[in-house]
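Architecture at a glance
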Amino acid sequence: MANIYRWQAPGNGKIFDKPLGESSYMNSRTIAVLRYIQEKVKVSQVEFNLEIKTYLKNSTDYRENNSTPSHFFRPLLFLGFLKISRSKVLELTLEGDKFLHFYERGEYLKCKKYILNQLDNSTYPNIATKDIKLQLFPFRILFKLLLQERKNGLSKEFICEQLVYLRESDDLVLYEKQHDLSKIAKKDEYDKFYSWVINSLVNIEILERKNRRYFIADDIYEDVENLYRNLSFSSLFFNDETLLCQLDTKTAHERYKRDPRLIVEAKIRDNFTCQVDKNHTTFLSKGVNYVEGHHVIPMFQQKNYSFNLDDVDNITSLCPTCHREIHSSDDKEAILNKLYNLNLAFMHLNGILQEDLQKMYYCV
Ligand SMILES: [Zn+2]
Ligand SMILES: [Zn+2]
């Protein structure tokens, strides 16, 4: 497999071409595609291909052309707003659901944060692009660099001739020491990433352009800082085989401090019994039945919520088998419903629905 190590644009890059909330051809089309899938709840790709153009014609100013219907959903798949099953059934993810929810209510800053948080997950190839043998290094590197270059920003030339060729964290060793971007090797200009992705991020005001240089937009700066200030460059790189959710979990460990005392507190509260079934006894450890602490709403979801997930009310005690089941089972529905009901007050207080919890675990 001959990978070309160069940052690529995800699909036909621009799915938003104006600030969120402004009506434009691409914005309306993308929102309509999300609405269509949400209305259907689940839709096979075959049905999507048959129906989407008519749906767009009836609900937007879509002009019929011969573009492939999959182009309408692939960038959304890339962003993780959609998921596709092995049997090619499309549905919204929790994040896609929330994004659309806030969009319909006109809460566009929240929508922007969802895009930022989803870009944080995105790697290339991913499920939307798995047949394509090219390499897109993650957006997280772009954002981390933009944070470090807060004062001067990044130039178009840097993006087209250097950034797109970054291949591994070693490429940034000299930069980390000397804070000098010119030390990063230059190659031929390649501007598709710049013209599609970077400009699209400017269009939706995640990035800001001043004198041909790029900066993080003010109203989202703090969110970018929260995501990346504790992460090293080396932790931002990963190989093709890294699964999205492994990545989420690994990143969440570096990003969010957990208080080990809360786990102890939860175990004492639960009397060292498995909360799925109190009869699941294991062995004695330090004189009590061995159980493990588990965050019911996974810590990697912290970026999408303003309440603290490292909270004793969000921690439950599980026997090792139940703990494995929740992380590895193909069918987590029954066990998740049980966990959801353990602390309904916490879930309700924070607006977490039972189906939200199910969706959070689809790839954990
Ligand atoms: Zn766990
Ligand atoms: Zn158990």
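So, here is what we can say about the structure in this document. Just so it is clear, the model here is predicted, and its values are computed rather than measured. (Residues numbered from 1 in each chain as written. Chains lettered and ligands numbered in written order. Predicted model: local features only at pLDDT ≥ 70, side-chain atom pairs only at ≥ 80, totals over all residues. Heavy atoms only, no water.)

**What about the overall build of the chain?**
A tally of helices and strands in the chain yields 16 helices and twelve strands. Looking at the chain residue by residue over its 364 residues, the buried ones come to 53%. For the chain, long-range pairs separated by at least 24 residues make up 67% of all intrachain contacts whose partners lie at least 6 apart in sequence. Summed over all atoms, the accessible surface of the chain reaches about 17700 Å², with 49% contributed by carbon and sulfur. (Helix = DSSP H or I, 4+ residues; strand = E, 2+ residues; numbered from the N terminus. Buried < 20%, exposed > 50% of the residue type's maximum accessible area, 1.4 Å probe, protein only. Contact = heavy atoms within 4.5 Å. Areas by Shrake-Rupley, 256 points an atom, 1.4 Å probe, with all protein chains shown as cover.)

**With respect to empty space enclosed by the protein**
According to the stated counting rule, one finds three cavities of 30 Å³ or more in the structure shown. Here the second largest cavity is characterised by a volume of approximately 50 Å³. Lining of the second largest cavity is provided by eleven residues; of these, D120, D248, R255, F300 and K303 occupy positions nearest its centre. Mapped onto the lining of the second largest cavity, the elements with two or more residues apiece are helix 5 (108–121) and helix 11 (244–255). In terms of residue count, the dominant contributor to the lining of the second largest cavity is helix 11 (five residues). Its residues assigned to classes, the lining of the second largest cavity shows four nonpolar, two polar and five charged. (1 Å grid on protein atoms, 1.4 Å probe; cavity = no way out; pocket = protein on both sides within 12 Å on 5 of 7 lines; lining within 4 Å. Points joined across faces, edges and corners; volume = space filled by probe spheres on them. Nonpolar A, V, L, I, M, F, W, Y, C, P; charged D, E, K, R; others polar.)

**Focus: the packing of helix 5 against helix 6 (residues 139–148)**
Two quantities define a packed helix pair, namely the angle between the helix axes and the distance between the axes. Packing of helix 5 against helix 6 brings their axes to within 7 Å, and their N-to-C directions diverge by 115°. Contact residues: L116, L119, D120 and N121 in helix 5; F139, R140 and F143 in helix 6. Taken together, the residues of the contact of helix 5 with helix 6 sort by class into four nonpolar, one polar and two charged. (Axes fitted to C-alpha atoms, helices over the stretch in contact; angles between N-to-C directions.)

**Considerations on the sheet that holds strand 7 (residues 207–210)**
Strand order in the open sheet formed by three strands is 6-8-7, with antiparallel pairing between adjacent strands. The sheet terminates laterally at strand 6 (154–155) and strand 7, the two strands that pair on one side only. The sheet contacts of helix 6 involve strand 6, strand 7 and strand 8 (213–216), and relative to strand 8 the element is tilted by about 95°. Running at roughly 100° to strand 7, helix 9 (residues 192–203) makes contact with strand 7 and strand 8 of the sheet. (Pairing = 2+ DSSP bridges.)

**Details of the pattern of salt bridges**
The final tally for this structure, using the stated rule, is 17 salt bridges. One salt bridge connects E47 with K40, and the closest N-O pair in it is separated by 2.8 Å. Under the relative-accessibility criterion, K40 is labelled partly exposed at 30%. E107 is paired through a salt bridge with R105; the nearest N and O atoms lie 2.9 Å apart. Here the salt bridges share partners, and the residues they tie into one network are D120, R140, R255 and K303. (Salt bridge = Lys/Arg side-chain N within 4 Å of Asp/Glu carboxyl O.)

**Notes on the coordination of the zinc ion (ligand 2)**
Around the zinc ion (ligand 2), the donor atoms from the protein are C274 (SG), H280 (ND1), C319 (SG) and C322 (SG), and they sit 2.1 to 2.3 Å away. Counting residues between consecutive donors of the zinc ion (ligand 2) along the chain gives the motif C-x5-H-x38-C-x2-C. (Donors = N, O, S within 2.8 Å, 3.2 Å for Na, K, Ca; no water.)

**Points about the coordination of the zinc ion (ligand 1)**
Each angle at a metal carrying four tetrahedral donors should ideally be 109.5 degrees, and each at a metal carrying six octahedral donors should ideally be 90 or 180 degrees. The coordination sphere of the zinc ion (ligand 1) contains the protein donors H294 (ND1), H323 (NE2) and H327 (NE2), at a distance range of 2.1 Å. Sequence spacing among the residues donating to the zinc ion (ligand 1) works out to H-x28-H-x3-H. Taken together, the residues H323 and H327, both in helix 13 (residues 320–328) and four residues apart, mark about one turn of the helix. The exposure class of H323 is buried, given its relative accessible area of 15%. Residue classification places H327 among the partly exposed positions, given a relative accessible area of 31%.

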